[in-house]
Amino acid sequence: MGELVLRNVVKTYGEGPQIIQGIDLHIPDGQFTVFVGPSGCGKSTMLRMIAGLEEVSGGDILIDGIRVNDLQPVDRGVSMVFQSYALYPHMTVAQNMGFSLKLSGKSKREVSEVVGRAAEILQITHLLDRKPKALSGGQRQRVAIGRAIVRKPRVFLFDEPLSNLDAALRVQMRIELAKLHRELGTTMIYVTHDQVEAMTLGEQIVVFNKGKIEQTGAPLDLYDRPANRFVGGFIGSPQMNMLAATVVAHNGVQTVLALAGVSHRIALTGRPDRALNGELTLGVRAEHLSVGPVDEGIAARVELVEHLGDVSILHARLDGMAHAIALKLDKKDAQYEPGERIGIKVPSSSVTLFDAKGEAVVFEHRAVGENVRAVV
Ligand SMILES: Nc1ncnc2c1ncn2[C@@H]1O[C@H](COP(=O)(O)OP(=O)(O)O)[C@@H](O)[C@H]1O
Ligand SMILES: [Mg+2]
């Protein structure tokens, strides 16, 4: 078992501000949960409080229904893997992995059995007699993970464990971690600032920002239905395009938006769940934009085309708008030179409208007519 509940968890250092500002979260037993957010938003602090390495200033942490706030780290049934592998240099891999078991009084045979099994899972059996200095970065990180596995924790905690590895190895280790999770079925909480890593690993992703949770959900929920501008901008690459917009007409069934700086109108169908006043933001993913002749769509000038092989990213500047906009195109549709004039088509579906506070607006679709163009 390894169910984790956080109830209004708060962290302050001395008289300082709240680093963690009241976190409520439920992590079901066996789930792979990723905490993601920009550097300094409090991910490590939250993880360290769960591990018992950092005191909790307020609220409760429960593991399998038991409040662990005041329990020592060793009594919580959690194992933590850090970015720095923190292996003992004078011990072999087997000794490093078995050290905590030996300390807890397990017999030599028992230790070697458990270490042997963990080594098999991690495919490092052939390295058991080596010292850490004779291992690559990826192998060292495997040993660090092995050391966590042998303790048979109820919850694994990973704090950016792959950040020291090169890009190719990181991808490989991600796949292996996902596999490890399937094999062990143990609850895992994984901290990263890398949204791609979060999207590939997480069953549940928790987006942190400034000590608060912005949104919790499955990877594609966050991608397709960001709750606010922060999540929209943070999840996905290239970033969601954010266009300033205001409402120029609405009738309860359709809302017509004017984009700042351009004469183009966009009509969204459905009934918005709130009044739409002030400066709004229209969020559009790069893959939902398309390009055509300059007189068909919003006039723009090509700034740069990145040919990535499978797709191309076209960066353009809309006439009358200060910031650039990114389009993800098939390479055959991206044969443009910098300086060329194009027309960008913004779809009226697959967009997200954020209100003046940056919260996503939900449109209810009840018996809505399809004829959007007639209103524009
Ligand atoms: N021991 C400490 N004393 C005071 N402030 C701290 C301490 N540890 C971390 N912080 C602050 O807490 C905030 C969150 O840090 P951290 O949890 O490490 O962020 P993350 O892991 O998301 O990058 C940062 O602003 C950091 O400066
Ligand atoms: Mg950190």
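Residues numbered from 1 in each chain as written. Chains lettered and ligands numbered in written order. Predicted model: local features only at pLDDT ≥ 70, side-chain atom pairs only at ≥ 80, totals over all residues. Heavy atoms only, no water.

**Student:** So what about the pattern of salt bridges? Which residues, and what values?
**Tutor:** In total, this model carries 19 salt bridges according to the counting rule given. Note that Glu54 and Lys11 form a salt bridge whose closest N and O atoms lie 3.9 Å from each other. You can see Glu54 sitting in the loop between helix H1 (43-51) and strand S4 (58-63) and its partner Lys11 sitting in strand S1 (residues 4-12), a full 43 residues away along the chain. Of the two residues examined, Glu54 and Lys11, each falls in the buried class. (Salt bridge = Lys/Arg side-chain N within 4 Å of Asp/Glu carboxyl O. Helix = DSSP H or I, 4+ residues; strand = E, 2+ residues; numbered from the N terminus. Buried < 20%, exposed > 50% of the residue type's maximum accessible area, 1.4 Å probe, protein only.)

**Student:** Any chance you could break down the sheet that holds strand S17 (residues 298-307) for me, citing the residues and the numbers?
**Tutor:** Taken in spatial order, the five strands of this open sheet run S16-S20-S17-S18-S19, and their pairing is antiparallel. In this open sheet, the two edge strands, each paired with only one partner strand, are strand S16 (290-292) and strand S19 (324-330). Strand-to-strand twist of the sheet, defined as the mean angle between neighbouring strand axes without regard to direction, takes the value 45°. Two elements, S16 and strand S20 (residues 341-345), share three bridges in a ladder whose sense is antiparallel. What sits directly across from Ser290, in S20, is Lys345. (Pairing = 2+ DSSP bridges. Axes fitted to C-alpha atoms, helices over the stretch in contact; angles between N-to-C directions.)

**Student:** Explain the packing of aromatic side chains to me, using residue names and the numbers behind them.
**Tutor:** For the structure shown, the criterion picks out six aromatic pairs. Aromatic side chains Phe158 and Tyr190 sit 5.8 Å apart centroid to centroid with 40° between the ring planes, which places their arrangement in the tilted category. Here Phe158 is found in strand S7 (residues 155-159), whereas its partner Tyr190 is found in strand S8 (residues 187-192), with 32 residues between them in sequence. Judged by relative accessible area, Phe158 falls into the buried class, the value being 0%. Ring centres 5.6 Å apart and planes at 10° place the aromatic pair Phe230 and Phe234 in the stacked group. Remark: Phe234 and Phe230 occur in helix H8 (residues 229-234); sequence separation between them is four residues, near one turn of the helix. Here Phe230 falls in the partly exposed class, since its relative accessible area comes to 24%. (Phe/Tyr/Trp six-rings, centres within 6.5 Å; stacked < 30°, edge-to-face > 60°.)

**Student:** An account of the packing of helix H2 (residues 93-103) against helix H3 (residues 108-122) is requested, with residue identities and associated values reported.
**Tutor:** Two elements in contact, H2 and H3, have axes whose closest approach is 9 Å; the angle formed by their N-to-C orientations is 130°. In terms of their interaxial angle, H2 and H3 are classed as oblique. Relative to H3, the crossing made by H2 is right-handed. Contacts between H2 and H3 involve Ala94, Met97, Gly98, Leu101 and Lys102 on the former and, on the latter, Val111, Val114, Val115, Ala118 and Ala119. Of the residues that constitute the contact of H2 with H3, the class distribution is eight nonpolar, one polar and one charged. (Parallel < 35°, antiparallel > 145°, perpendicular 65-115°, else oblique. Left-handed = near helix turned anticlockwise from the far one by under 90°. Contact = heavy atoms within 4.5 Å. Nonpolar A, V, L, I, M, F, W, Y, C, P; charged D, E, K, R; others polar.)

**Student:** Please provide a residue-by-residue account of the domain arrangement of the protein chain, values included.
**Tutor:** Each assigned domain of the protein chain is listed here: domain 1 (4-224) and domain 2 (234-374). Contacts between domain 1 and domain 2 engage nine residues on the former and six residues on the latter. Roughly 710 Å² of surface becomes buried between domain 1 and domain 2 when both sides are summed, with 65% attributable to carbon and sulfur atoms. Of all residues in domain 1, Gln195, Val207 and Tyr223 bury the most surface against domain 2, accounting for 68% of the area lost on that side. Applying the counting criterion to the domain 1 and domain 2 interface returns zero salt bridges. At the junction of domain 1 and domain 2, the tally comes to three residue pairs in polar contact (both at pLDDT 80 or more). Among the elements of the structure, helix H6 (195-201) and helix H7 (219-224) are those that each provide at least two residues to the side of domain 1 that touches domain 2. (Domains from an automatic or database assignment. Buried area = accessible area lost by both parts, 1.4 Å probe. Polar contact = N/O pair within 3.5 Å; in protein donor to acceptor, adjacent residues only side chain to side chain.)

**Student:** An account of the pairing of strand S2 (residues 18-27) is requested, with residue identities and associated values reported.
**Tutor:** By the bridge criterion, seven bridges tie S1 to S2 in an arrangement that is antiparallel. Across the sheet, Val10 pairs through a bridge with Gln21, a residue of S2. Between the antiparallel neighbours S1 and S2 lie five residues, among them Gly14 with a positive phi of about 55°.

**Student:** Residues and numbers for the pairing of strand S11 (residues 241-250), please.
**Tutor:** Examined bridge by bridge, S11 and strand S15 (residues 280-284) share five bridges and lie antiparallel to one another. By the bridge assignment for S15, Met242 is matched with Gly283. Here S11 pairs with strand S12 (residues 254-259) via five bridges, running antiparallel. Considered in S12, the bridge of Val247 is made with Leu257. Taken together, S11 and the strand that follows it, S12, pair antiparallel across an intervening segment of three residues, in which Gly252 is found at a positive phi of about 85°.

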